[in-house]
There are 2 protein chains.
Amino acid sequence: MSGHKNKYMELALKEAEKAALRGEVPVGAVIVAGDSGAVIAVASNRVMEDRDPSAHAELLAIRAACAALGSERLPGCDLYVTLEPCPMCAQLISFARLRRLYFAADDPKGGGVENGPRVLHASSCHHQPEIYGGIGARPAAQMLKKFFQARR
Amino acid sequence: MSGHKNKYMELALKEAEKAALRGEVPVGAVIVAGDSGAVIAVASNRVMEDRDPSAHAELLAIRAACAALGSERLPGCDLYVTLEPCPMCAQLISFARLRRLYFAADDPKGGGVENGPRVLHASSCHHQPEIYGGIGARPAAQMLKKFFQARR
């Protein structure tokens, strides 16, 4: 993993911390223009605050990036997210034609990329980004563990 | 299928027609309170107009219903949609804890409920609504066919 990729995942982790402070499951996402390295959108989980079951970090980041670029597709862009995307977000990543997906912690229970229905690997999936798992997995997983332990 | 259920699917079909007139893939959705029969939200596909790859009829209807009810869950509500939901919308239907899903036309290429990754049937799926397919399938399928034929 290059220093640049670390930098973006660190930014996603900072977003995840913000979500934890709001009482949300700590997941953060960043969308980056692949060529320039410019950050297009950052977001974190807002399901509880927005009372919106779709308000996952990835979905909010993709919507914000599409609004910023005026396009329903993000073909030259890469997504960094601190947790393996769920099936909803995995399908949206495909719809948005994102170039690369970097995710940190695995999610054996709720993930939809390498776990569960493995949406991006289905034969019916029209666009599969390059997928890189495990980038910054340790701090992301620790943050999630701490969050859920405090809620028990 | 009771008359009431027909009524709601007809409303969803009218929403789908509105989407077609805007140049969108014609899919419409309606969310109904199961006990009172009150319509909580109606929506149709707005991906192109909103430049938002997440703006499927179901996702917009669920977000609108959650906003109307002030809750990120819709446990007593039923969703009527003119096309089999994609994997993104199928997962959101589960997150929103919808009681029943009624859909019209099958979608062998893009569907995610009875086709593709069959998200609601995955062992990792925490909540599966009751699922009723084929309700009003003919007019819904005809509308989609006409739309795609005109675009060739």
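Remember, it's a predicted structure, so these values are computed and weren't measured experimentally. (Residues numbered from 1 in each chain as written. Chains lettered and ligands numbered in written order. Predicted model: local features only at pLDDT ≥ 70, side-chain atom pairs only at ≥ 80, totals over all residues. Heavy atoms only, no water.)

## Here's the deal with the sheet that holds strand 5 (residues 130-133) of chain A
All names here are of chain A.
Now for step 1: The sheet built from five strands is open, its strands ordered 2-1-3-4-5 with mixed pairing. The open sheet has two free edges, formed respectively by strand 2 (39-44) and strand 5, since each of these has just one partner strand. Taking each pair of neighbouring strands and ignoring which way they run, the sheet shows an average axis angle of 15°.
Now for step 2: Of the strand pairs in this sheet, strand 1 (residues 28-33) and strand 3 (residues 77-83) are connected by five bridges, and their pairing is antiparallel. Bridging across to strand 3, valine 32 finds its partner in aspartate 78.
Now for step 3: Those strands touched by helix 3 (residues 57-69) are strand 1, strand 2 and strand 3, and its axis lies near 150° from that of strand 2.
Now for step 4: Each of strand 3 and strand 4 (100-105) touches helix 5 (residues 137-150); the most contacted strand, strand 4, lies at about 55° to it. (Pairing = 2+ DSSP bridges. Helix = DSSP H or I, 4+ residues; strand = E, 2+ residues; numbered from the N terminus. Axes fitted to C-alpha atoms, helices over the stretch in contact; angles between N-to-C directions. Contact = heavy atoms within 4.5 Å.)

## Here's the deal with the interface of chain A and chain B
Now for step 1: Counting residues at the interface gives 28 residues for chain A, matched by 28 residues for chain B.
Now for step 2: Each partner contributes to the roughly 2200 Å² buried at the junction of chain A and chain B, and carbon and sulfur atoms together form 68% of this total.
Now for step 3: Three residues stand out in chain A for area buried against chain B, namely A:Arg51, A:Pro53 and A:Glu72, and they jointly supply 27% of the buried area on that side.
Now for step 4: Close ionic contact of A:Glu72 with B:Arg51 constitutes a salt bridge, the shortest N to O distance being 3.0 Å.
Now for step 5: Inspection of the region where chain A meets chain B yields four residue pairs in polar contact (both at pLDDT 80 or more).
Now for step 6: Of all the elements in the fold, those that place two or more residues in the side of chain A that touches chain B are helix 2 (47-50), helix 3 and helix 4 (87-95) of chain A.
Now for step 7: When residues of the side of chain A that touches chain B are assigned to their parent elements, the largest contribution, five residues, is made by helix 4 of chain A. (Buried area = accessible area lost by both parts, 1.4 Å probe. Salt bridge = Lys/Arg side-chain N within 4 Å of Asp/Glu carboxyl O. Polar contact = N/O pair within 3.5 Å; in protein donor to acceptor, adjacent residues only side chain to side chain.)

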